[in-house]
Amino acid sequence: MEQLLNGIIFNIQRYSIHDGPGIRTTVFLKGCPLKCFWCQNPESQRSQPEIFLVKSNCTLCGKCVTVCQTGASSLLENNSKIDRNKCIGCGKCAEVCLSQARRLVGIYMTKDEVMQEVLKDVKFYENSEGGITLSGGEPAAQPEFALSILRSCKEAGLHTLLDTCGYAPWSTMKRLLRYTDLVFYDIKTIDPRKHREATGRSNRLILENAKRIAHYKPTRVRVPLIPNFNDSPEDIRRIARFVKEEMDSIDMDLLSYNKLGEGKYERLDRLCVPAETQTEEYTNHLETIVNLELKGNR
């Protein structure tokens with residue numbers, strides 16, 4: 001009955017060229033155990049469908065209020081509002097919103113429905129040595145669904161990449177890795193206190209899994225550079241040393257902070273912690289530190 005297994009997706013991005021080698025299709029699974037305050041995709045954090053509300057597009061027609069069965073939608077003080085505690089993410093308000101002020105984020109799909117989308121671009125994968133990337137959110141937060149997609153992709157002869165934060169039991173990660181060709185692994189910080197304060201979780205399991213995965217599958221560490229959190233030279237030096245000494249690797253990328261995700265917080269009625277993107281000069285300085293730590297003594 002595996003074909004009936006379903007999960008929640010918030011995006012399927014075709015012709016993706018930044019999520020692994022070649023041309024890829026990136027499948028974004030919704031739901032994540034971490035609550036990073038800088039998350040570029042805040043709509044990925046919760047495992048239920050949600051409504052994006054763009055108030056500037058609203059014409060105050062009131063159709064959303066009429067169709068809402070829980071009383072979550074309202075028009076107050078000439079503004080469209082959503083009571084997030086009442087909203088169940090049914091999407092009916094988005095269906096009747098002709099001005100596109102409301103959009104449902106997160107839909108349930110079967111593994112076969114996902115594969116139908118993935119297989120549309122097989123020729124692109126073949127010609128570019130690309131494939132499928134499973135991202136999120138966190139794919140391991142939906143382990144059976146993620147496993148069924150990865151297995152089906154390998155059965156179809158596709159290259160598979162797992163983009164993960166690593167916060168899952170090793171037994172779960174090991175099952176997913178069986179059908180994974182390459183891993184993109186996020187490491188935010190080595191400091192356990194800073195990690196818990198910023199994400200709500202300890203990083204002990206993440207670092208333990210990092211060491212195991214690096215000796216199990218080809219792994220590339222990716223570090224999101226967050227201003228005033230982990231983008232100091234000492235923070236980056238500690239991560240690079242961990243990658244070299246504990247993972248026996250020199251594959252590590254620094255990802256400059258991207259402000260494009262900040263506008264999404266308002267659409268979800270959440271608070272955003274704004275930050276400034278690092279300058280190219282400063283990022284290059286950090287990359288020099290990484291190269292010295294990873295390759296200087298080789």
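Residues numbered from 1 in each chain as written. Predicted model: local features only at pLDDT ≥ 70, side-chain atom pairs only at ≥ 80, totals over all residues. Heavy atoms only, no water.

S.K.: Would you take a moment to explain unusual backbone geometry for this structure?
M.R.: Peptide bonds are trans in most cases, and residues, glycine excluded, mostly fall at negative phi. Across the junction of G136 and G137, the peptide omega takes the value 15 degrees, indicating a cis bond. On the secondary structure map, G137 appears in the loop between β8 (131-135) and α5 (143-155). In this model, N78 sits at a positive phi of 60 degrees, which is unusual for a non-glycine residue. Tracing the sequence through the fold places N78 in the loop between β4 (73-76) and β5 (79-82). Here N78 falls in the exposed class, since its relative accessible area comes to 67%. Backbone geometry at E129 places phi at a positive 60 degrees, although glycine is not the residue there. (Helix = DSSP H or I, 4+ residues; strand = E, 2+ residues; numbered from the N terminus. Buried < 20%, exposed > 50% of the residue type's maximum accessible area, 1.4 Å probe, protein only.)

S.K.: What's the story with the nonpolar core in this structure? I'm lost.
M.R.: Across soluble globular proteins, nonpolar side chains have a tendency to be buried as a group. I187 and M252 are the most contacted members of the largest nonpolar core, which has 58 residues in total. Looking at this core, the element that brings in the most residues is α5, giving 6 residues. Discounting chain neighbours no more than four positions away, the residues touching I187 are L207, A210, V221, R222, V223, P224, I239, F242 and M247. (Core = buried A, V, L, I, M, F, W, Y, C linked by side-chain atoms within 4.5 Å. Contact = heavy atoms within 4.5 Å.)

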